[in-house]
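A look at the structure
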Amino acid sequence: MRRGFRSIVSLLALSVVLAAAGPARAAGERDITIAQGIDAEFLDVQMTNNIVTLIINGSIYDTLLTRDKQLQITPRLATAYKLVSEKVWEVKLRSGVKFHNGEPFDANAVKFSFERIYRQDFKSPQKGWFSTIDRVEVVDPTTVRFHTKVPDPAMPARMTLMYQLAPKYVAQVGDVQANLKPVGTGPFKFVEWSKNERIVVEANDEHWTGKPAVRRATWRPIPELGARIAALQTGQADLIVNVPPDQLPTLAATKTVRVEKIPSCRIIYFGIAQIKGGALADRRVRQAINHAVDVQGILDAVLLGNGKRINSSMPPNVWGYDPSIPFYDYNPQKAKELLAAAGQTNLTLTLQAPNGRWAMDKDIAQAIAGQLTENGIKTNVKIIGEWGSYVRSVLDHKTEDIFMNGWCLPSLEPDHWVTPNLHTGEPVSQYSNPEVDKLIVAARAEMNVEKRKQLYAQLLRLIRDDAPWIFGYQQMDIYGVNTRLKWTPRGDESIRLTEIGF
Amino acid sequence: MLAYLARRLLQSVFVLLGVSVIVFGLLHLTGDPTRLLLPLEAREEDVRQLRTLLGLDDPLWLQYTRFLSRAVRGDFGLSFKHQVPALGLILSTLPATLQLTLAGLSLALVVAVPVGILAALRRNSLLDAICSVGVLMGQAMPVYWLGLLLILVFAVWLGWFPAAGRDGLRSFVLPACALGAFSMARIARLARSGMLEVLAQDYVRTARSAGVRAFVVTYKYALKNAAIPLVTVIGLEFGILLGGAVITETIFAWPGVGRLAVDAIFSRDYPLVQAIVAVLATLFVLINLAVDLVYTYLDPRIVYVRSAR
Amino acid sequence: MTEAVAVGAARPAIARTRRRRVSFRAVFGITVLLAIGASALLAPRLAPWDPARQMLLKRLRPPAWEARGLREHPLGTDHLGRDILSRILHGGRISLLVGLSAVALAAGLGVTLGLCAGFFGGRTDAIIMRIVDVFLAIPYILLAMGVVFALGPSLLNVILVMGATRWVQFARIVRADVLSIREREFVTGARARGNRSGRLLLRHVLPNALTPIIVVATLELAFMIIYESALSFLGLGVQPPTPTWGWMLSDGRNYIATAWWLATFPGLAIMLTVLAVNLLGDWLRDTLDPRLKI
């Protein structure tokens, strides 16, 4: 029986050895590994609106237009576009482009890709992105026309989100397979996907932008921050995302690693649920709240200065931003005066925040609540650790008096920064102001660029004065990079493999 | 023997049914997942449409019967989040967890059994005390703390092992240590007490006094009998290890079922959670069934004792 | 499966040749536990600071004996400038409170069900044992996560969930003991005399089953403390600003390499407590009933 026992143990050990999955081939000089916090949800790019998934898909699929390093719109699969009439956009497509399986890219692919999102049975979260488009008309193999329901100055921005799928391929293999074995026109081709373990893509040398410097890229999900940083330090990962400021000293100590920072498109703010009425409906109270919080001080203490205050509801890297709008100064005296004028000297509020969704979120929330309490507005904190519940409370408009929120949409379209979170009745908005609504609607439809800019400047100033939020900050995206890579980050949270060199 | 086997199988079936009821009922307390699956701009009609599509509007008993009838055929539906068949997803990630669990269990056995035996041989000595406290410390450390410390010391400072992920044999070591540490105490204790019992037996004393080398004696005669309770405990430890695997997999970015489960629970991915618990429970039941059979083979008296009841 | 473990191989009688001497384990275990219990009870008095008070200018200060340390913060401060020592003292209260309550709940549930199963036998026994098997088959942590998730994380829910998933150990051990006691003469005799089952249970059976219950309870307490910290780690434990050791560990996990004191002290606290409880449980088992195979 001793033998029996021993053999059981050795059998176990043997099976472990045999079954242990090793890498398929030795990593080369030009192979890189990127570690993010989660795995891609889908490799069918139209099934997601999650930034991490979009980043990974972005190496495999191309969009009609794209944004360059300075976040200006430039051609990609579409070479030119123009307004034919108020509601019709004509787009010229690049010729000679092929999908990874050899299928040619043409106007039919554009029509197919657009219509697929709006298929009844297709559960795409991107339906909201293109809701102003009525239909796509194929003029000839390299020309399409988008017919919009209303005049839509945001069309170019929308085209930066139109990922192109291969019609014949998808029709042939079906949705499930199209997700597991994606085919696009991108600079990288899909190789393998082992769920929660890795996604491997390799360079597509036939891409019209030329041969990528990176030969092979592996995307790894490492949720635990400590392990992710350790992976960078040991060389297991070449690039990691979402490094909180507190970890900078650790990375500074490692010679093979450097830190890259960039102001993000993501803003963090604290919405004040004005529609609840009572004290919160009084603008003076809201302004007092803004004066009672030392945002810069908290940024310096908690985020070690890695964050830039915002003056209204848009960050600097979104078109429409107006730098002349003043910040609320930290003025507890003024806050007290405003509260007294509003007759609200004994105010008690509750502030809610998630845990771990954004860098040091619950800590900042607690710091702000602490400061408000010190300055005469007793504030309790409610941390909702489970993200799903948090989202629900926001979408159902059932939040506490003050709710923390982060905001960034990949379109970088100005309307997306005011409508969903400040227009009356919108999902993320617990604020209602008819004047603001009027300006939002007007700016949304204004086709003249100059006039549109003026409208947004006006709107942002009005928002600032009416204080529907505690205006927080623009996040600083911090990345850890191995010194062997030549790469600088982008302001839209995206990582483009073609921008990585050695 | 056959009657015994049949009885155990029937019991297992009832157990699995009970599991299914619990899992089903539990999940329907968690609330509405539809909001999580739709974009921020979704209207009420979209929500309602999705609910009907997913069958969430039907009465509970109907949903349960539907669930059960499909489950026995292996159809747990599509995972809400990943939009692929739930069972397939689990079966593809299960090997990783099983490998880790086996590695952890093996490590625990390899370390704890000799330690327990050693402690038994040198009973009540300082060595005994050190061994006991040593393995108890392993059980006293929260597994995630241990895991992070292991990463810090052995991956970052010493660079002996990779920090995360599954990449060849070396990547098994740290997670297996973290996972196995918890079980070591229990196993060592069992080995020790089992060993103590056996050492007190007459036939062992006789063998020792007859001059056979102590080493051979212990390993040849004692181990067999000490193995019996150990074998039983392996079945139960497996369940505990699976529990620990959930956290270990998160720390070490291990691509297994544990991580999948955490993710599924947080995103209210009903079909996936149901499928995961069903699969893990079935696995547990099967393993314990196997363990019981091994046990009866080792000590057939059990069958008679039991059937006498 | 459950029966096999309980009945086990035939139990040979061990001659109690152990010398009478004060056991190190018992002394250590009881001392540590008393110390922790005392500090937990007296936390509001002992703690130098309010555990929730943030002093942002003094964040991430190391323990007092290090270069940048401050006298008034002997164990340092965390990333929000909260005093670690105070948080440990207050955290101990919660950890112990949760642990003890959960054990009490689990014991209550488990002992009752175990008694019923063992005493009434037959169908009741079979049903209860199957329920036990069901709970054993589901990984406890997934069960706990699911329930806390559904009901929302709070002190009460955490206690409920932990108690409801760990009653199994008590049930099995009590049942096994009841089964063996049942066979004994005096019980059969009492029954023959016509005593009612209820009184029988309480007067004869329960006192004898008490020893394994105490042992299991002690060992389970250790497990509960770790269990609670695991739930906190996953974000499902008692919510802030209430400090628990588990949350402190979770908060500190990103600072293990830089501000080691954030995670190390709560980790040591957990380890020490659990170790003490385990040693105590071990000693209790060895003294009261060494044949227990748990």
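None of these values were measured; they are calculated from a predicted model. (Residues numbered from 1 in each chain as written. Chains lettered and ligands numbered in written order. Predicted model: local features only at pLDDT ≥ 70, side-chain atom pairs only at ≥ 80, totals over all residues. Heavy atoms only, no water.)

1. Things to note about the overall build of chain A
The helix and strand inventory of chain A stands at 15 helices and 17 strands. The C-alpha radius of gyration computed for chain A amounts to 25 Å, which stays within 12% of the reference 23 Å derived for 502 residues, consistent with globular compactness. Dimensions of chain A along its principal axes, counting C-alpha atoms only, are 80 × 75 × 45 Å. Taken over 502 residues, chain A has a buried fraction of 60%. In chain A, of all internal contacts separated by at least 6 residues, the share reaching a separation of at least 24 is 68%. A total accessible area of about 18,800 Å² is found for chain A, and carbon and sulfur atoms account for 52% of it. For chain A, the distance from the average site of its 61 positive side-chain charges to the average site of its 53 negative ones is 4 Å. (Helix = DSSP H or I, 4+ residues; strand = E, 2+ residues; numbered from the N terminus. Rg over C-alpha atoms; globule rule 2.2 N^0.38 Å. Buried < 20%, exposed > 50% of the residue type's maximum accessible area, 1.4 Å probe, protein only. Contact = heavy atoms within 4.5 Å. Areas by Shrake-Rupley, 256 points an atom, 1.4 Å probe, with all protein chains shown as cover. Lys, Arg positive; Asp, Glu negative; His and termini not counted. Charge placed at Lys NZ, Arg CZ, Asp CG, Glu CD.)

2. Re the side chain of K362 of chain A
With respect to the secondary-structure elements, K362 of chain A resides in helix α11 (residues 361–374). Setting aside residues no more than four positions away along its own chain, K362 of chain A makes contact with P354, N355 and I383 of chain A together with W247 and D251 of chain C.

3. Observations regarding the interface of chain C and chain B
Chain C puts 57 residues into the contact, and the matching count from chain B is 58 residues. Between chain C and chain B lies a buried interface of about 5,500 Å² when both sides are counted; carbon and sulfur atoms form 75% of it. Linking chain C with chain B are zero salt bridges. Connecting chain C to chain B are two residue pairs in polar contact (both at pLDDT 80 or more). Counting residues per element, the ones that place at least two in the side of chain C that touches chain B are α1 (2–7), α5 (122–137), α6 (140–151), α9 (197–233), α10 (245–252) and α11 (261–288) of chain C. Of all the elements, α11 of chain C adds the most residues to the side of chain C that touches chain B, at twelve residues. In the side of chain C that touches chain B, the residues fall into 40 nonpolar, seven polar and ten charged. (Buried area = accessible area lost by both parts, 1.4 Å probe. Salt bridge = Lys/Arg side-chain N within 4 Å of Asp/Glu carboxyl O. Polar contact = N/O pair within 3.5 Å; in protein donor to acceptor, adjacent residues only side chain to side chain. Nonpolar A, V, L, I, M, F, W, Y, C, P; charged D, E, K, R; others polar.)

4. What to know about the sheet that holds strand β4 (residues 78–85) of chain A
All names here are of chain A. Strand order in the open sheet formed by four strands is β4-β5-β7-β6, and the pairing between neighbours is antiparallel. On the outer flanks of this sheet lie β4 and β6 (133–140), each paired with one strand and no other. Pairwise comparison of adjacent strand axes, ignoring direction, gives a mean angle of 20° for this sheet. Taken together, the six bridges between β6 and strand β7 (residues 143–148) define a ladder with antiparallel strand orientation. Counted as the bridge partner of V136 is F146 from β7. (Pairing = 2+ DSSP bridges. Axes fitted to C-alpha atoms, helices over the stretch in contact; angles between N-to-C directions.)

5. Re the pairing of strand β16 (residues 402–407) of chain A
Residues and elements named next belong to chain A. In terms of residue burial, β16 counts as a mostly covered element, since six of its six residues are buried. One ladder, built from six bridges, connects strand β12 (residues 257–272) with β16; its direction is antiparallel. The residue bridging I268 from the neighbouring strand is G406, located in β16. When strand β14 (residues 348–354) meets β16, the two strands line up parallel, connected through two bridges. Of the residues in β16, the one forming a bridge with L351 is I402.

6. Concerning the packing of aromatic side chains
Taken as a whole and judged by the stated rule, the model has 21 aromatic pairs over all chains. For the ring pair Y479 of chain A and W487 of chain A, a centre distance of 5.0 Å and an interplane angle of 80° mean the geometry is edge-to-face. Like Y479 of chain A, the residue W487 of chain A is buried in the burial classification. Where F154 of chain B meets W160 of chain B, the ring centres are 5.9 Å apart and the plane angle is 45°; that geometry is what we call tilted. Each residue in the set Y269, Y328, W469 and F471 of chain A is aromatic and connected to the rest through ring pairs, giving one cluster. (Phe/Tyr/Trp six-rings, centres within 6.5 Å; stacked < 30°, edge-to-face > 60°.)

7. Considerations on a nonpolar patch on the surface
Residues and elements named next belong to chain B. A surface patch of nonpolar side chains, amounting to about 210 Å² of accessible area, comprises L118, L121 and L127. Mapping L127 onto the fold places it in helix α6 (residues 126–140). Taking relative accessible area as the criterion, L127 reaches 35% and is therefore assigned partly exposed. (Patch = residues over 30% accessible without salt bridge, like charges linked within 9 Å, V, L, I, M, F, W, Y side chains within 5 Å.)

8. Comments concerning the confidence of the model for chain A
All names here are of chain A. Looking at chain A, the pLDDT average stands at 88 and 94% of residues meet or exceed 70. Low pLDDT (under 50) marks residues 1–5, which in the prediction has six contacts with non-local residues, meaning those over four places away or in another chain. Note on residues 16–25: pLDDT under 50 across the span, and 17 contacts to partners over four residues away in sequence or across chains. (pLDDT = per-residue confidence, 0-100.)

9. Thoughts on the environment of I240 of chain B
Note on placement: I240 of chain B falls in helix α10 (residues 214–251). By relative accessible area, which is 16% here, I240 of chain B ends up buried. With 139 residues separating them along the chain, I240 of chain B and T101 of chain B place their C-alpha atoms 9.8 Å apart. Excluding residues within four positions of it along the chain, I240 of chain B makes contact with F182 and R186 of chain B together with Y140 of chain C.

10. With respect to the state of the cysteines
Across all of its chains, the model carries one disulfide over all chains by this definition. Disulfide pairing places C265 of chain A opposite C408 of chain A at an S-S distance of 2.1 Å. When the S-S torsion is -75°, as for the bridge of C265 of chain A with C408 of chain A, the disulfide is left-handed. In this pair, C265 of chain A sits in strand β12 while C408 of chain A sits in the loop between β16 and α13 (419–422), placing the two residues 143 residues apart along the sequence. The pair formed by C265 of chain A and C408 of chain A is uniform in burial state, with each residue classed as buried. C131 of chain B supplies the cysteine sulfur nearest to C177 of chain B, a cysteine that is in no disulfide, at a spacing of 17 Å. (Disulfide = S-S within 2.5 Å.)

11. Here we look at unusual backbone geometry
Positive phi is not limited to glycine here, since N242 of chain A has a value of about 55°. When you line up the elements, N242 of chain A lands in the loop between β11 (239–240) and α7 (248–252). In this structure N242 of chain A comes out as exposed when scored by relative accessible area, which is 53%. At L60 of chain C, a position not held by glycine, the phi torsion is positive, near 55°.

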